[in-house]
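Secondary and tertiary structure notes
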Amino acid sequence: MKKLILITAMLSLMSNAFAQKDTLYTHNSQEYFDAQKDYFQRITFKIGGGVLVPQGNLSNYFGVSPLMELSLDFPVTQKKSLELALQFAIPDQTEPFKYARTTDTIQAKASFMFNPMLRFKKNLSESSTSQIHIGLGLGVSIIKTDARNPFYTGSDADNEKYEVITSFLASPSIDYVFKFKNSEELTIGLGLNYSPYKVEGSLQENIGSISLTPKIMYSF
């Protein structure tokens, strides 16, 4: 009888231990799920447009051009975030530049511009309806030209059909953000794109490197 009572007591203790462990696991799992859900709700998608305004030497080759931007903002802390941004522009080129290919040097014009960057942002000021952000974007600026690649055959995936110019990109910015209900935001921003497009071996003349990018973004 004593053995039966002892075995029953041991089974009861083991059952309670497993039940507590299962409850703790379920509780921790729910907390992790809730935290992950809350974080993804804080990620902000923005879409908008503006203009690309060349400065200095760059204004001798390009006019004011339409600009489109897409971005995803990932919170890091309460005041800081990382933003993956993509800018697209169709440059209004007023003067061609000399492009040095492997076989010759030709006059070329830009047909498309693509600026992918990672932007580091900080919230400087905040109220119930607005915020002020400063940022620094680092990435590349890629200009597709109308110059045909003389080695393009159509069967080689490593060669582009048209020549491209690739340059380092640094882009400081400041944004004023209006906050609305349902996490909607309207952003009025001003950025400065610095890209030294003069590359030895392709674009040998200094066409400039600085442009302003005023824009309006909407997030939801």
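The structure contained in this document is the topic of the report that follows.

Cut-off values and rules
- Residues numbered from 1 in each chain as written.
- Predicted model: local features only at pLDDT ≥ 70, side-chain atom pairs only at ≥ 80, totals over all residues.
- Heavy atoms only, no water.
- Helix = DSSP H or I, 4+ residues; strand = E, 2+ residues; numbered from the N terminus.
- Buried < 20%, exposed > 50% of the residue type's maximum accessible area, 1.4 Å probe, protein only.
- Contact = heavy atoms within 4.5 Å.
- Areas by Shrake-Rupley, 256 points an atom, 1.4 Å probe, with all protein chains shown as cover.
- Pairing = 2+ DSSP bridges.
- Polar contact = N/O pair within 3.5 Å; in protein donor to acceptor, adjacent residues only side chain to side chain.

Attention now moves to the overall build of the protein. Broken down by element type, the protein carries 1 helix and 12 strands. For the protein, the N- to C-terminal ordering of α and β elements is α-β-β-β-β-β-β-β-β-β-β-β-β. Counting only residues that meet the buried cut, the protein has 33% of its 220 residues in that class. Taking all contacts inside the protein whose residues are at least 6 apart in sequence as the whole, residues at least 24 apart take part in 59%. Carbon and sulfur atoms form 62% of the exposed surface of the protein, whose accessible area is close to 13500 Å².

As a further point, take the pairing of strand β3 (residues 65-75). The side chains of a regular strand alternate, residue by residue, between the two faces of the sheet. Alternating residues of β3 divide into S65, L67, E69, S71, D73 and P75, all buried, and P66, M68, L70, L72 and F74, none buried. Note: strand β1 (residues 44-54) against β3, 9 bridges, orientation antiparallel. Across the sheet, residue L52 finds its bridge partner in β3, namely S65. Across 9 bridges, the pairing between β3 and strand β4 (residues 80-89) is antiparallel. Opposite S71, over in β4, you have A85 as the bridge partner.

Attention now moves to the side chain of K215. For K215, the position within the fold is in strand β12 (residues 210-219). A distance of 2.9 Å separates the side chain of K215 from the side chain of E69, its partner in a polar contact. Non-local contacts of K215, meaning those with residues more than four positions away in its chain, are made with G49, G50, E69, Q87, R119, D175, T187, I188 and G189.

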